[in-house]
Amino acid sequence: MTSTTPLTAAVHDADWDALAEEMNAHGSALTPRLLDRDQCREIAAWYDEPERFRSTIDMGRYGFGFGQYRYFDHPMPEPVAALRAAFYPYLLRIAQDWAAKLRRTAPWPETLDAWLDACHAVGQTKPTPILLRYGKGGWNALHRDLYGDLVFPLQVVIGLDEPGTDYTGGEFLLVEQRPRAQSRGTATLLPQGHGLIFTTRDRPVRSTRGFATAPMRHGVSLVRSGHRHTLGLVFHDAA
């Protein structure tokens, strides 16, 4: 496991057996609080420092929804890099279990650095952690964050604002395409400073023959008032 710092202690101290159980049952799991209010405010304020980022995406321009997000550039801010590295070994165990259930290969090495080296070796060199900002009327269409042939199957989003105070609406959405059944949706209101672990692409679900693949997509419901900022941690880099 990676070393513990005050910033990452909550990741290491989380009940990972319970989180894995939630992931297996629903494809998502809410973490304990990871960041305090001041840390959340500091990270959200980075959005107005464009030198930290490699690109800005206007969702409306591309038909992705309404709002903006920015991809961090190298060097990654220490809190973002630390959280990403702290999560990886715990998420890796879930990823390996899911790969075994679906009879897939598990190409992910034991450390995040080694995995990112593998991404870079095939041309996926662009950092993917993002900072998102939505105002009133903002929303995000259902999608997947794939970026290339090498994909890590889990990711994390961390709420930086207080729902009900800083904004209303803006629930995090997951829609699961169930085998031979209607799709199922879930909506999660992200508490400030907490993370939501969720599947990047699909997850295993029990079937009459063992396990089947349930494709999933994620998005954000309409923000009805205020401003909503989130930090997104993706564990594979982009081509």
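Coordinates for the structure precede this section.
The structure presented is a predicted model; accordingly, all values stated were derived computationally and were not measured. (Residues numbered from 1 in each chain as written. Predicted model: local features only at pLDDT ≥ 70, side-chain atom pairs only at ≥ 80, totals over all residues. Heavy atoms only, no water.)

A. Region of the structure containing the overall build of the protein chain. A count of helices and strands for the protein chain gives six helices and 15 strands. By the compact-globule yardstick of 18 Å for 239 residues, the protein chain fits well, its C-alpha radius of gyration being 17 Å. Taken over the C-alpha atoms alone, the protein chain extends approximately 50 × 40 × 35 Å along its principal axes. For the protein chain, buried positions account for 49% of its 239 residues. Residue pairs in contact within the protein chain that sit at least 24 positions apart in sequence constitute 78% of those at least 6 positions apart. When the accessible area of the protein chain is evaluated, it comes to approximately 11,100 Å², of which 51% is carbon and sulfur surface. A distance of 10 Å separates the average location of the 26 positive side-chain charges in the protein chain from that of its 27 negative side-chain charges. (Helix = DSSP H or I, 4+ residues; strand = E, 2+ residues; numbered from the N terminus. Rg over C-alpha atoms; globule rule 2.2 N^0.38 Å. Buried < 20%, exposed > 50% of the residue type's maximum accessible area, 1.4 Å probe, protein only. Contact = heavy atoms within 4.5 Å. Areas by Shrake-Rupley, 256 points an atom, 1.4 Å probe, with all protein chains shown as cover. Lys, Arg positive; Asp, Glu negative; His and termini not counted. Charge placed at Lys NZ, Arg CZ, Asp CG, Glu CD.)

B. Up close: the packing of helix H2 (residues 16-26) against helix H5 (residues 78-101). The geometry of H2 relative to H5 is characterised by a closest axis approach of 11 Å and an angle of 40 degrees between their N-to-C directions. One element, H2, and the other, H5, form an angle in the oblique class. The two elements H2 and H5 meet at a crossing, and its hand is right-handed. Side by side, H2 and H5 meet where Trp16, Ala20, Met23 and Asn24 of the first sit next to Phe87, Tyr90, Leu91, Ile94, Asp97, Trp98 and Lys101 of the second. Per-class residue counts for the contact of H2 with H5 are eight nonpolar, one polar and two charged. (Axes fitted to C-alpha atoms, helices over the stretch in contact; angles between N-to-C directions. Parallel < 35°, antiparallel > 145°, perpendicular 65-115°, else oblique. Left-handed = near helix turned anticlockwise from the far one by under 90°. Nonpolar A, V, L, I, M, F, W, Y, C, P; charged D, E, K, R; others polar.)

C. Summary view of the environment of Arg103. Position of Arg103 among the secondary structure elements: in the loop between H5 and helix H6 (112-121). It is 40 Å that separates the C-alpha atoms of Arg103 and Val223, two residues lying 120 residues apart in sequence.

D. Structural view of H5. Spanning 24 residues, H5 covers 35 Å between terminal C-alpha atoms, matching the ideal 34 Å at 1.5 Å per step. Along H5, the sharpest kink reaches roughly 35 degrees, centred on Tyr88 and followed within four residues by the proline Pro89. Where H5 terminates, the next one or two residues include Arg103, which has phi positive at roughly 55 degrees. (Expected span 1.5 Å × (residues − 1). Bend = angle between axes of the 7 residues up to and from the residue.)

E. Fine view of unusual backbone geometry. The omega torsion of the bond from His74 to Pro75 falls at -5 degrees, within 30 degrees of zero and hence cis. The phi dihedral of Arg103 is positive, around 55 degrees, even though this residue is not glycine. On the basis of relative accessible area, Arg103 is assigned to the exposed category, the value being 78%. Even without being glycine, Tyr147 reaches a positive phi, approximately 75 degrees. In this fold, Tyr147 is placed in the loop between strand S6 (139-143) and strand S7 (154-159).

F. Here's a closer look at the packing of aromatic side chains. On inspection of all chains with the given rule, the structure shows 12 aromatic pairs. Geometrically, the ring pair formed by Phe172 and Phe198 is tilted, given 4.8 Å between the ring centres and 55 degrees between the ring planes. Here Phe172, found in strand S9 (residues 172-176), pairs with Phe198, found in strand S11 (residues 194-199); they are 26 residues apart in sequence, far enough to count as distant. For the pair Phe172 and Phe198, a shared accessibility class is recorded, and that class is buried. Clustering of aromatic rings is evident, with ring pairs tying together Trp46, Tyr47, Phe53 and Phe72. One cation-aromatic arrangement involves Arg54 over Tyr71; the distance from NZ or CZ to the ring centre is 4.3 Å. In this structure, Arg70 is placed above the aromatic ring of Tyr47, and the distance from its NZ or CZ to the ring centre is 4.6 Å. (Phe/Tyr/Trp six-rings, centres within 6.5 Å; stacked < 30°, edge-to-face > 60°. Lys NZ or Arg CZ within 6 Å of the ring centre and 35° of its normal.)

G. Molecular detail of helix H3 (residues 37-45). Of all the residues in H3, the buried ones are Cys40, Ile43 and Ala44. Down the axis of H3, the buried set is contained in an arc of 100 degrees. They therefore lie on one face. As for H3, its buried residues are in contact with strand S5 (130-134), S7 and strand S15 (228-233). One side-chain oxygen of the residue at the start of H3 lies 3.1 Å from the amide nitrogen of Asp38, identifying that residue as Asp36. (Arc of directions from axis to C-beta. Polar contact = N/O pair within 3.5 Å; in protein donor to acceptor, adjacent residues only side chain to side chain.)

H. Representation of the environment of Gly210 within the structure. In this structure, Gly210 sits in strand S13 (residues 210-220). For Gly210 and Ala18, which are 192 residues apart along the polypeptide, the C-alpha to C-alpha distance reads 22 Å.

I. A nonpolar patch on the surface, seen in detail. Among the surface-exposed residues, Phe66, Trp139 and Leu222 lie close enough to one another that they form a single nonpolar patch of about 290 Å² accessible area. Structurally, Trp139 can be placed in strand S6. (Patch = residues over 30% accessible without salt bridge, like charges linked within 9 Å, V, L, I, M, F, W, Y side chains within 5 Å. Salt bridge = Lys/Arg side-chain N within 4 Å of Asp/Glu carboxyl O.)

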